[in-house]
Structure formats: structure tokens, C-alpha cells
Amino acid sequence: MHGPIILAILYVLILPGCVLLQPTEPFGPVPTTKATGIAVPAPSQPVPAKEEAIPETLTLERSLEIALKNNPEVAATLWDVSAAGAKLDQAKAARLPTLTYEGNYIKYLNSRPLWEARFNNQRRIFTKQQSRGDVLLKLPLFTGGRIINEIKAADLFRLAEQDRLSRTKDELVFNVSSTFYAILSQEKVIDSVKFSLQAMREQRQKMAKMVEVEKAAKVDLLRTEVRLADLEQSLEKETNVLEVQKRLLANLMGLDFDKARMKFAGKLTFKKVGYRPEQLVSKALELRPDFKAAKERLASQARRVNVARAGHYPNVNLVGAYGYRGSGLAGVNDDRNPLNPTDRGPFYDDDGQIGVTVTLPLFEGGRISAKVREEISALAAAQERLRKLNLQVRQEVETAILDVNSSSERVKATEKAIEQGRESLRIETLKYNLGAGTVTDVLDAQTALLVTETNYYRALADFRTALARLKLAVGGNLS
């Protein structure tokens, strides 16, 4: 008769544990979390471009929108914020009372009293089978400030993770912007190479006809063919660079690369700027999310020092329990005839208690003091990292301003050089047609114009990238 009961108890106690201990699938979908202030992150797998609502031509704004939605690093950082919110919820839960159920079934070799005598001459009942179940209550009354400091440390850490998420998004915006500008510049470079290539092919046809009627030397035709082959090789090289940049942008956008759908629309504009480092450095220290995160981590670490120090103080808890004690279905005897078991069971009775417990560490082998030293050392390290980041922010802002000024001057210089190069090519072509110049001069002027145009478009891209880098360094909108 005891067998089915034992099996039922084992079933109830063991089977739920087996269900809960099923291993989590590492590559399966993650359920939506309800941690503090968390939205559902974007999917972690690359999204096929054909499944994404991409317009026929991608603008910079649309590219940024897709990237912020699908980039896996942004999604991963969002899950980190979710984890920080869950840690804050755990810390807050430590202030509340805990209720747990504890039950057991034990079979002894020798009979044991079912419960202790509660008054004089009370009859005691002995049994070899005992079961009990209790609801346990525990409420912390005093922890030396440990709980409140853990809550504050977790809250500061959550804020730091949110600022890190903002910085991750800012870095993504910069990377997408710089790549997009590079693509626009590369497309302009390819257009210039194609134009030069078409002009060189026309020049070769003219030269071939002139060689046929003996109005030009064959060596001039060979020079033209050499320049033509060099332009064809340059076009292939620049096209490959463009394909690499497109794949990089697709990766930043969290998309599988689809060449047919990666079309771009935008302009490389230029404007006069004038920024002063002394203004932007103070603005960067105020706005940079990563600098805010470093200060919040430092404040969180200071709270963790207080948590470690709380280990020296006593813990006072309100505890209580209420439950039952019971015997098995048979084999019960009493204290008047303990060797003669009867079949009068089972017997059950309830019991309860409430009180206050005090736990005071007397000797821990130096463990608490070592933990305090560990947290203090981590605090000092966080202070030095904050100082390092302060210097880094200043250096990044000043360097970004220098890059903006430098690229601005390059744009101005190459813009004038393009006008000069076009005029030189026109003059050399006219001189050659009149017999006053050589084909080498024409080819050199055409090559110089191509180089100037290439430098101009790349200087424009560098200028726009430098502005984006300055915005990233400052950490806010430049207005």
C-alpha cells in the first residue's frame, strides 16, 4: 500500500524538476522579455534584402532606418539592457518577503516520535514513516544597507547599459553614413573613369584613322592603346571597390547582400563650417552617452563597495513557518507500548512558529575584508578609466575638428583644380588638332583631369565623413 504513495510523491517531486531542467536551445527564438523599460529587439539573423521593404533607391535616411532596425549589434546591446533591467528587478525583490513551501517524506529504520510532547504527561505517538509540509516566511528587517545599495547599483548599471545602447546606435549611424558617402563618391569616380574611357576610345579611333592616312605616327596609336588599357584596368578596380563597399553597407544594415536591389540616391554637398574646440569639448563631455555610461558605472561600483562592507554587519530577519506533521498509513504505536505497533494511523497535526533571527559574522577567514578590497580596487580602476575616457573625448573632438578643416580645404583646392584641368584638356586637344601639340600632351591632360576629379569626389566624401565623425565625437546634433 505504501508503494503507490511513494511513487506518487516521487512523481510530483521529480517530474516537474525534469521538465524545468530541459536544456535551452541556443539557436532557437528567444521569448519576449518583460524587464524594465525594454522593447522587443530586432531579429538576430540577417534579413534577406528581398524580404525587407527596400525602395528602388536607397537614401541615407532610409539606410539608417533599416540599419537601426536590423543591425545585430544594436539588437544584442538591447538584450544587454534587458538583462540589466532584470537584475534591477531581482535587487528590488530582495526587499519583499519570501514565501516558500518545504515538504518531505521519510521512512526510518526505527520508530521516531511524530512530534515532541507539548505539555506534561502528553501521550506521544511513534512511527517509522513521517511526512511534513511547511510554508516558510522570511522578511529582511536589517541588512546593513546591503539591499538598498544593491538596488541603487543595479539601477545605475541599467542606466549605463542604456547609454551604451545609445552610443552603439551613434556608432552605427556614423559607420552607415561614412560607408554611404564612400559609395556616392565611388560612383562618381566610376562615372569619371567611364567618361575618360569613352573619350579615350574615341581618341583611339581617330588615331587609328590618322595612322592609316599617315597623318600620325604608329607610336602615338600605341600610346593611346596603353592609356586605354590602363583605364579599363582602373575601371575594373574601382568597380570592385564599389562592390566591397555595398557589401559592407548591407552588413551594417543587417541584410543579406542583393546586388540587384542596392541602388543609391544622394548628393555629396559641401558647406563652409567653423567649429571651436573649447566649445565642443565641454558639449561632448555633457552629451556623450559613453561618458555618461562610464560615470554611471563608477557610481554603481561605489555602491558595490557599500554592499561588500555590509557583510560586516548583522542580518536581522523576521521568520515564520506553518505546516503539518503526519505519520504513514500504518505502523503507528504509542509510548505505552512502543514495541507493539498498531494500525490506527494515520495521524496529522498542524504546527507553526514565528520569530526574529540575527546572523552576525564572527570569523570568515578574511573573506569579507577581501571582498571589500576587491570592490575598492574595481572602484579605483573605474575612476582611472573615466579619466582616460575624458582625455579620449577631448582628443577625438579636437582631431575631428582638424579633419573637418583639412577636408574642407581639400574640397576647395580640388574644386578649383577641376576647372583648371578641364581648360588644360581643351587647350591641349585644340593644339593637337591644329598640329601644334602632341598626343602625349592630350593624354597627360586627360589623365590629370581624371585624377583631379577622383580627388575631388573623394575629398567631398571625406568632408561629409569628417562631419559625421565630429557629430559622433560630440555625441549630439551640431546646430
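Since this is a predicted model, take the numbers as computed values, not measurements.

Undergrad: Is there a simple way to explain the overall build of the protein chain in this structure?
TA: When its secondary structure is counted, the protein chain shows nine helices and seven strands. Split into buried and exposed, the 479 residues of the protein chain put 36% on the buried side. In the protein chain, the share of contacts with a sequence separation of at least 24, taken over all contacts with a separation of at least 6, comes to 83%.

Undergrad: So what exactly am I meant to see when it comes to the pattern of salt bridges here?
TA: Two side chains bearing opposite charge may form a pair once their charged atoms approach each other closely. According to the stated counting rule, one finds 22 salt bridges in the structure shown. For Arg367, the salt bridge identified is with Glu364, shortest N-O distance 3.1 Å. The exposure class of Arg367 is exposed, given its relative accessible area of 52%.

Undergrad: Quick question: what am I supposed to make of the nonpolar core here?
TA: Proteins that are soluble and globular tend to have nonpolar side chains buried together. Membership of the largest hydrophobic core comes to 64 residues, with the highest contact counts inside it found for Val176, Leu249, Met253, Phe264, Val397 and Leu470. Looking at this core, the elements with two or more residues in it are helix H2 (60-70), helix H3 (72-93), helix H4 (146-212), helix H5 (218-252), helix H6 (277-287), helix H7 (289-309), helix H8 (367-433) and helix H9 (439-474). If one sorts the elements of this core by residue count, H9 sits on top with 13 residues. Counting five residues, the second-largest nonpolar core is a separate cluster that includes Leu88, Ile147, Ile151 and Ala154.

Undergrad: Would you mind showing me how to read the environment of Gly85 here?
TA: Residue position: Gly85 is located in helix H3. For the pair Gly85 and Asp155, spaced 70 residues apart in sequence, the C-alpha to C-alpha distance is 7.8 Å.

Undergrad: Sorry if this is basic, but what is going on with the packing of aromatic side chains here?
TA: The relative placement of two aromatic rings is captured by the distance of their centres and the angle of their planes. Enumeration over the complete set of coordinates arrives at two aromatic pairs. Aromatic pair Phe180 and Phe264: ring centres 5.7 Å apart, planes at 75°, arrangement edge-to-face. In this pair, Phe180 sits in helix H4 while Phe264 sits in the loop between strand S4 (255-256) and H6, placing the two residues 84 residues apart along the sequence. One exposure class covers both Phe180 and Phe264, and it is buried.

Undergrad: Sorry, what's going on with the pairing of strand S3 (residues 125-142) here?
TA: One face of the sheet, then the other: side chains in a regular strand alternate in exactly this way. For strand S2 (residues 98-113) and S3, the ladder comprises twelve bridges, and the chain directions are antiparallel. Paired with Ile106 across the strands is Gln130, a residue of S3. Looking at chain direction, S3 and strand S5 (residues 315-327) are connected through twelve bridges and run antiparallel. Bridge pairing in S5 links Ser131 to Gly326.

Undergrad: Would you explain the side chain of Asp163 in this entry?
TA: Within the element layout of this structure, Asp163 appears in helix H4. Buried charge without a partner: Asp163 forms no salt bridge, and the closest opposite charge is Lys292, 5.4 Å away. In contact with Asp163, not counting residues within four places along its chain, are Pro289, Lys292, Ala293 and Glu296.

Undergrad: Sorry if this is basic, but what is going on with the confidence of the model for the protein chain here?
TA: The predicted coordinates ought not to be read in detail in places where the model reports low pLDDT. Per-residue confidence for the protein chain averages 82 on the pLDDT scale, and 83% of its residues sit at or above 70. Ranking the elements of the protein chain by mean pLDDT puts helix H1 (residues 2-20) last with 53 and H7 first with 95.

Undergrad: Teacher, can you tell me more about the packing of H3 against H4 here?
TA: A pair of packed helices is characterised by two quantities: the angle between their axes and the separation of those axes. For the pair H3 and H4, interaxial distance at closest approach is 8 Å and the crossing angle is 170°. The orientation of H3 relative to H4 falls into the category roughly antiparallel. Along the lines of polarity and charge, the residues of the contact of H3 with H4 split into twelve nonpolar, four polar and ten charged.

Undergrad: Mind showing me how you'd approach the packing of H2 against H4 here?
TA: Interaxial distance between H2 and H4 falls to 10 Å at its minimum, and their mutual angle equals 140°. Accordingly, the angle class assigned to the pair H2 and H4 is oblique. Remark: the crossing between H2 and H4 carries right-handed chirality. Two secondary-structure elements touch here, H2 through Leu60, Ser63, Leu64, Ala67 and Leu68 and H4 through Lys169, Leu172, Val173, Val176, Ser177, Phe180 and Tyr181. Of the residues assigned to the contact of H2 with H4, the class counts are nine nonpolar, two polar and one charged.

Undergrad: Explanation requested: the environment of Ile66 in the structure shown.
TA: Tracing the backbone shows Ile66 in helix H2. When its relative accessible area of 1% is taken as the criterion, Ile66 is described as buried. A C-alpha to C-alpha distance of 5.9 Å links Ile66 and Met253, two positions 187 residues apart in sequence.

Undergrad: Help me out: how do you make sense of H7 in this one?
TA: Side chains of residues three or four places apart in an α-helix project in the same direction, reflecting 3.6 residues per turn. Given a rise of 1.5 Å per residue, 21 residues ought to cover 30 Å, and the 30 Å separating the end C-alpha atoms of H7 matches this to within 8%. Inspection of H7 places Pro289, Asp290, Phe291, Ala293, Ala294, Glu296, Leu298, Ser300, Gln301, Val305, Val307 and Ala308 among the buried residues, and these make up the whole buried set.

Undergrad: Looking at this structure, I do not really get a nonpolar patch on the surface. What am I missing?
TA: Together, Leu141, Phe142, Tyr313, Val356, Val358, Leu360, Leu362 and Phe363 line one region of the surface with nonpolar side chains, adding up to about 930 Å² of accessible area. At the level of secondary structure, the elements contributing two or more residues to the nonpolar patch comprise S3 and strand S7 (348-359). Summarising the element assignment, Phe363 is placed in the loop between S7 and H8.

Undergrad: Help me understand the environment of Gln420 in this model?
TA: Within the secondary structure layout, Gln420 lies in helix H8. Sequence separation between Gln420 and Leu449 is 29 residues; the distance between their C-alpha atoms is 8.5 Å.

Rules and cut-offs
Residues numbered from 1 in each chain as written. Predicted model: local features only at pLDDT ≥ 70, side-chain atom pairs only at ≥ 80, totals over all residues. Heavy atoms only, no water. Helix = DSSP H or I, 4+ residues; strand = E, 2+ residues; numbered from the N terminus. Buried < 20%, exposed > 50% of the residue type's maximum accessible area, 1.4 Å probe, protein only. Contact = heavy atoms within 4.5 Å. Salt bridge = Lys/Arg side-chain N within 4 Å of Asp/Glu carboxyl O. Core = buried A, V, L, I, M, F, W, Y, C linked by side-chain atoms within 4.5 Å. Phe/Tyr/Trp six-rings, centres within 6.5 Å; stacked < 30°, edge-to-face > 60°. Pairing = 2+ DSSP bridges. Lys, Arg positive; Asp, Glu negative; His and termini not counted. pLDDT = per-residue confidence, 0-100. Axes fitted to C-alpha atoms, helices over the stretch in contact; angles between N-to-C directions. Parallel < 35°, antiparallel > 145°, perpendicular 65-115°, else oblique. Nonpolar A, V, L, I, M, F, W, Y, C, P; charged D, E, K, R; others polar. Left-handed = near helix turned anticlockwise from the far one by under 90°. Expected span 1.5 Å × (residues − 1). Patch = residues over 30% accessible without salt bridge, like charges linked within 9 Å, V, L, I, M, F, W, Y side chains within 5 Å. Areas by Shrake-Rupley, 256 points an atom, 1.4 Å probe, with all protein chains shown as cover.

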